[in-house]
Amino acid sequence: MGFLQEGVKWFEDAVQLANETNDKIYQVKLEIIHAVYFDQKELSIDEGLKVLKEQSLWHDVEDLAFNAARFYKKEGFYQLASKYYEEGLNAQQKIPSLYEEVGSA
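Now for a quick tour of the structure.

Cut-offs and rules
Residues numbered from 1 in each chain as written. Predicted model: local features only at pLDDT ≥ 70, side-chain atom pairs only at ≥ 80, totals over all residues. Heavy atoms only, no water. Phe/Tyr/Trp six-rings, centres within 6.5 Å; stacked < 30°, edge-to-face > 60°. Helix = DSSP H or I, 4+ residues; strand = E, 2+ residues; numbered from the N terminus. Buried < 20%, exposed > 50% of the residue type's maximum accessible area, 1.4 Å probe, protein only. Lys NZ or Arg CZ within 6 Å of the ring centre and 35° of its normal. Core = buried A, V, L, I, M, F, W, Y, C linked by side-chain atoms within 4.5 Å. Contact = heavy atoms within 4.5 Å. Axes fitted to C-alpha atoms, helices over the stretch in contact; angles between N-to-C directions. Parallel < 35°, antiparallel > 145°, perpendicular 65-115°, else oblique. Left-handed = near helix turned anticlockwise from the far one by under 90°. Nonpolar A, V, L, I, M, F, W, Y, C, P; charged D, E, K, R; others polar.

1. What to know about the packing of aromatic side chains
Logical step 1: Taken as a whole, this structure holds six aromatic pairs when the rule is applied.
Logical step 2: Plain terms: the ring middles of Phe11 and Phe38 are 5.6 Å apart, the flat faces sit at 45° to each other, and that makes the pair tilted. With a gap of 27 residues between them, Phe11 in helix α1 (residues 3-20) and Phe38 in helix α2 (residues 24-39) connect regions that are remote in the sequence.
Logical step 3: Here Tyr72 and Tyr84 contribute two aromatic rings whose centre-to-centre distance is 6.1 Å and whose plane-to-plane angle is 25°, an arrangement assigned as stacked. With a gap of 12 residues between them, Tyr72 in helix α4 (residues 58-75) and Tyr84 in helix α5 (residues 78-104) connect regions that are remote in the sequence.
Logical step 4: Residue Tyr72 is classed as buried on the basis of its relative accessible area of 2%.
Logical step 5: Over the ring of Trp10 we find Lys9; its NZ or CZ atom is 5.6 Å from the centre of that ring.
Logical step 6: Lying across the ring of Tyr26, Lys29 places its NZ or CZ 4.4 Å from the centre.

2. Some details on the nonpolar core
Logical step 1: Within the largest apolar cluster, 20 residues are counted, with the highest numbers of intra-cluster contacts made by Ile32, Ile45, Leu49, Tyr72 and Tyr84.
Logical step 2: At the level of secondary structure, the elements contributing two or more residues to this core comprise α2, α3 (42-54), α4 and α5.
Logical step 3: The element that contributes the greatest number of residues to this core is α4, accounting for eight residues.
Logical step 4: The residues touching Leu49, leaving out its near neighbours within four places in the chain, are Ile32, Val61, Leu64, Ala65 and Tyr84.

3. Structural notes on the packing of α2 against α3
For any two helices packed against each other, the geometry is given by the interaxial angle and the distance between the axes.
Logical step 1: Relative to each other, α2 and α3 sit at 155°, their axes nearing to 9 Å. Regarding the angle of α2 to α3, the classification is roughly antiparallel. Between α2 and α3 the crossing geometry is left-handed. Within the contact between the two elements, α2 uses Ile25, Val28, Lys29, Ile32, Ala35 and Val36 and α3 uses Ser44, Ile45, Gly48, Leu49, Val51 and Leu52.
Logical step 2: Looking at the contact of α2 with α3, its residues break down into nine nonpolar, two polar and one charged.

None of this, on its own, says anything about what the molecule does.
Below is the structure:
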């Protein structure tokens with residue numbers, strides 16, 4: 001089994017587990033990953049990131065946005081890469097505020 005086939009198998013296992021446990025956040029994260037690497041559906045990525053933002057999951061937004069940006073940069077889609085780099089940077093700026101909130105509680 002090649003790396004791609006093994007990766008797809010692990011991805012499918014993760015989707016199955018997220019569905020079995022009804023873990024909505026992991027379902028959304030996996031949908032974003034699928035939208036980036038398999039479908040290249042910008043709207044699906046944006047909708048998934050919106051859900052994570054609504055939950056204040058800024059580390060996840062940062063990570064997934066930067067992954068999308070790197071993928072699109074590699075593929076030569078520089079406008080999309082720029083968009084997702086900006087999403088990642090915006091999320092990064094939100095992270096310190098969470099630490100500040102915890103420190104003042």
